[in-house]
Amino acid sequence: MIYIKNNSVFSAAHNKLAVLLFLFFFIVPLNAYENQAEIDENLKNLSLSGFLRTRIWHFQSKTAIGDFPATSEQKKVTYQDLFFRNRLSLKVNESTEIHSVFDIFTVFGLDSSDSVETMGGSIGKAGFNLKTRNVYFLLKPNSNFETKIGLMPFSLPGGHIIATDGAGIRFRYDFFKGLLRTYFSWMKAYDNSKEDLGKGFGGNNYNDNDIYIAGGKIKVSEDIKTEFYYTYEKDMDSLKEPDTGRLHWAGIRQEIFSGKLFADFNLIYNWGRTNKNASENMFVNAGLWDILLGLQLKSVEISLLQKGATGSPNDLKAEKSFQSIRPSHGFSFIFIDNNGGISFSGGAMHGIYGQGLNIKFSIISGLSAELKYVHYRTIRKVISFDAQKDSYLGDEANFYVKYELYENTKLFSSLAVFLPQKAYTFYSQSANKRPVYEFLLGGRVDY
Amino acid sequence: MKNINKKYRSRKLYGLWLLFILATFALDGQIKESRYFQILKNQKIRIGMSVDYPPLKFEKEGKNIGIEIDMASSLAEFLGVNTEIVPLSVKEYTSAIETNKVDVILGGMSRNLERGKKIWFSEPYLSITPAVFVNKRRLPKTKFGEEFEEIPYKTIWDIKKLAAFTFAVKEGSAYQSLIRSEFDKHKVIVVNSNKEGFEAVFSGSAHGFIHDSLFLEYTIKKNSQWKNGYAILKGGKRTEKICAGIPFGDTILKNQIDLWINEIIRKKEIDKWFLKY
């Protein structure tokens, strides 16, 4: 009896187990496969790309330049930075995409005062883990219309006025089968995207700052492209009435290709008003130009360049000084430079012009190089404390070499020398005209 | 009644026997018709190949070399026969199989529906994408400084965002129809050879030369001095399958070639040939 009882118990348990096993092997896996299919579908539409870049910088100088102070002895600084960019995009459907960009960044050796704790786990100066740079979605109801909403990159030709990430909205509409492409953007400034605009405060003020951009690209022919644009920055000051800033920019960019020859012209006119200090307004009437003429052969490219902006080199508050929102434009590795390392100006340019020659060429298989020479002058003569006048700021020579180890792996190195001249000593109020050296060794892996 | 049923049953049985015998003859006929047995009988396999398609087939010091030349030798070894290489233009691929000019095509031929109506394809032995050799100056600047960038131009599909762009495309290539369907707003010039395609980009008459990723990557690897001013934008996840071309309906030959392809992939023979060139 006991045996039978046990057997019946076993049998009932067995039946339950059988049902559970059935559910586990047939029902659960079916759901799991369903989920798997959903995940796979998303993965298929997911795109991940980016790069890891590390650079070792070394510079030495007795001359003051940018943050680098004038010293009686040759001062040497060496540091390393690491930058890991990750772009993650998801195509939700044929007309909707989600884009995000996040970075990991740190610097070693430039400043040891920052503690690990304050850097969110990263080490080094200004290090951060997973800084969100862009998060936005893109809607494309048809090929002629596109809109982007969220935190995204905003830039204008050459990066002279603006090249920054910010929250806002962008529209693009194409007319006449793409012969005319129009765009409109509204950007609400976010942390560090906005400079003080001369309010006279110690720090930045992010209150009520709006930037509007409108423009159009016209395709005259396959080889002639014209872009015109207008930017308006409205900077409200909640502490002071009426408004403190109303700046306007109108620009035109012309690209021309003719066989192996190419030309690129950028002209920007800047006007409006902003605060000279906490109590005084100033009016702006300024301009910037950027010209490039070149010849492109199979393995050599030669170009002549000139870039300049009106105003005073050491006074952004001068009437003719070209104002910008958050620019990013370089011209050489030391003097006007937005690529890291030492620099006189990281983007803002006023009262200075530079002109020079650039040659890109190939040395041997996988190894290419670039040579650049730039001559810098001030627009108006700079006056020294003993009433001397001069406009010759200096000369800069750059040599850059890149070796492609694998398709996505590159090693690069550069050497830059800036030779300050008389106007630079007047500007920096120092008699020192010793050369400034910058050396870079780096590597980059794209994925 | 029983007799009628019996008679009916025996007639049905005869019918089935007849059907079986006919099917056996038909199958035998098909077996005898298979190109596979002709190859074995002739002790030679005729392989159609592109005239010039590096790194798959090209000429060096008067000798034909390349990945597909090595593949041809491997196939012949598997079948225990000799090889005869028949140079063909891309346009001749399908007709050469149809007219019995060649037994098999190993010519970097991509699988598509149009060709599939006339010939059969083996299992794929390579995956490629459409790509464009492009003048970097024709792409908008997206990077400003060390950190800021707009979405970079990374694939051939990003060209769609450009209002002005002229493609050079080789006549007869599968990319003529791709441009018609995907880049209908853009201008196209047709060239007769790969050399003409590159020259069109260098002279400025075209802004990009469209071809497959394999060929363009090989060419730029061999001419790395071009990398300063020119780049390759590939097709991303949209791949094309390169297969051997086989006579339509020849199951026996297809089976044997599929077996051989699966084995050379499993043994990583193709990877070795890639490294060689």
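Residues numbered from 1 in each chain as written. Chains lettered and ligands numbered in written order. Predicted model: local features only at pLDDT ≥ 70, side-chain atom pairs only at ≥ 80, totals over all residues.

Can you lay out the overall build of chain A for me, pointing to particular residues and giving the numbers?
Broken down by element type, chain A carries two helices and 18 strands. Put simply, chain A has 447 residues, and 32% of those count as buried. When contacts within chain A are restricted to residue pairs at least 6 apart in sequence, long-range pairs at least 24 apart make up 54% of them. (Helix = DSSP H or I, 4+ residues; strand = E, 2+ residues; numbered from the N terminus. Buried ≥ 20, exposed ≤ 12 C-beta atoms within 10 Å, placed from the backbone. Contact = placed C-beta atoms within 7 Å.)

Give me the overall build of chain B: which residues, what numbers.
Counting secondary structure elements, chain B contains ten helices and 16 strands. For chain B, with 277 residues in total, the buried portion stands at 38%. Counted over contacts in chain B with a minimum sequence separation of 6, partners at least 24 positions apart contribute 71%.

So what's going on with the pairing of strand 1 (residues 44-50) of chain B? Which residues, and what values?
All names here are of chain B. Extensive coverage of strand 1 is indicated by the burial of five of its seven residues. Direction of pairing for strand 1 relative to strand 4 (residues 82-88): parallel, over a ladder of seven bridges. The residue of strand 4 that forms the bridge with isoleucine 47 is isoleucine 85. Note that strand 1 and strand 5 (residues 104-105) share two bridges and pair parallel. Note that in strand 5 the partner of glycine 48 across the bridge is isoleucine 105. (Pairing = 2+ DSSP bridges.)

How would you explain the sheet that holds strand 8 (residues 130-135) of chain B if you had to name every residue and give the values?
Adjacent strands of a sheet pair through backbone hydrogen bonds, lying either parallel or antiparallel. Residues and elements named next belong to chain B. Here we have five strands laid out as an open sheet, ordered 12-11-13-8-14, and mixed in their pairing. Of all strands in the sheet, those bounded by a partner on one side alone are strand 12 (187-191) and strand 14 (230-233). When the angles between neighbouring strand axes are averaged without regard to direction, this sheet yields 30°. Bridge count for strand 11 (residues 166-170) against strand 13 (residues 208-212) is three bridges, and the pairing is parallel. Counterpart to alanine 168 in the pairing with strand 13 is phenylalanine 209. The sheet contacts of helix 7 (residues 194-203) involve strand 8, strand 11, strand 12 and strand 13, and relative to strand 13 the element is tilted by about 145°. (Axes fitted to C-alpha atoms, helices over the stretch in contact; angles between N-to-C directions.)

Which residues make up the interface of chain A and chain B, and what values go with them?
Counting residues at the interface gives 35 residues for chain A, matched by 22 residues for chain B. In terms of residues, the side of chain A that touches chain B owes the most to one element, strand 14 (residues 352-364) of chain A, which gives three residues. Looking at the side of chain A that touches chain B residue by residue, the class counts come to six nonpolar, 18 polar and eleven charged. (Nonpolar A, V, L, I, M, F, W, Y, C, P; charged D, E, K, R; others polar.)

Quick rundown of the environment of Arg172(A)? Include the residues and the values.
Residue and element names in this part refer to chain A. You can see arginine 172 is positioned in strand 6 (residues 163-175). Judged by local crowding, arginine 172 falls into the partly exposed class, with 17 C-beta atoms found within 10 Å. Taking the C-alpha atoms as reference points, arginine 172 and aspartate 395, 223 residues apart in sequence, are found 42 Å from one another. Excluding anything up to four places from it in sequence, arginine 172 contacts Glu146, Arg181 and Tyr183.

Give a description of the confidence of the model for chain A that names residues and reports values.
In low-pLDDT regions, the fine details of the predicted coordinates are not to be read closely. Residue and element names in this part refer to chain A. Averaged over all residues, the pLDDT of chain A is 83; the fraction at 70 or higher stands at 80%. Contacts of residues 1-10 to residues separated by more than four positions or lying in other chains number zero contacts, the stretch itself having pLDDT below 50. Contacts from residues 191-204, a stretch scored under 50 in pLDDT, to residues over four places away or in other chains number 32 contacts. (pLDDT = per-residue confidence, 0-100.)

Pulling in residues and values, what's your account of the environment of Phe154(A)?
All names here are of chain A. For phenylalanine 154, the location among the structural elements is in strand 5 (residues 145-155). Between the C-alpha atom of phenylalanine 154 and that of aspartate 165, which follows or precedes it by eleven residues, the distance is 5.8 Å. Excluding its chain neighbours within four sequence positions, the residues that come into contact with phenylalanine 154 are Ile162, Thr164, Gly166, Gly168, Ser185 and Met187.

Break down the pairing of strand 18 (residues 436-446) of chain A for me, with residues and values.
For strand 1 (residues 46-61) of chain A and strand 18 of chain A, the ladder comprises ten bridges, and the chain directions are antiparallel. Following the sheet pairing, Trp57(A) is matched in strand 18 of chain A by Leu440(A).

So what's going on with the confidence of the model for chain B? Residues and values would help.
Confidence in the prediction for chain B averages 89 pLDDT; 89% of positions are at 70 or higher. In the predicted complex, the global pTM is 0.81; the interface-specific ipTM is 0.81.

Lay out helix 7 of chain B with the relevant residues and their values.
All names here are of chain B. What helix 7 keeps buried is the set Asn194, Gly197, Phe198, Ala200 and Val201. The buried side chains of helix 7 occupy one side of the element, clustering within an arc of 150° when seen end-on. Exposed side of helix 7, more than 90 degrees from the buried face: Lys195 and Ser203 are the residues found there. Note on helix 7: the residue one or two positions beyond its end, glycine 204, has a positive phi of about 95°. (Arc of directions from axis to C-beta.)

I'd like to hear about the nonpolar core, residue by residue, with values.
With 48 residues, the main nonpolar core has Ile161(A), Ile162(A), Ile334(A), Phe335(A), Met349(A), Ile352(A) and Ala423(A) as its most contacted residues. Take this core: its biggest share by element is four residues, from helix 2 (residues 422-428) of chain A. Grouped together as the second largest cluster of nonpolar side chains are 39 residues, Ile45(B), Met71(B), Ala96(B) and Ile246(B) included. (Core = buried A, V, L, I, M, F, W, Y, C linked by C-beta atoms within 7 Å.)

Can you tell me about unusual backbone geometry, naming the residues and giving the values?
Excluding glycine, residues mostly carry a negative phi; peptide bonds, for their part, are mostly trans. The omega angle of the peptide bond from Pro54(B) to Pro55(B) is 5°, so this bond is cis rather than trans. On the secondary structure map, Pro55(B) appears in the loop between strand 1 and strand 2 (58-60). In this structure, Lys177(A) is a non-glycine residue whose phi angle is positive, near 55°. Here Lys177(A) lies in the loop between strand 6 and strand 7 (180-188). The phi dihedral of Lys268(B) falls on the positive side, at around 60°, and the residue is not glycine. Inspection of the secondary structure assignment puts Lys268(B) in the loop between helix 9 (251-266) and helix 10 (269-276).

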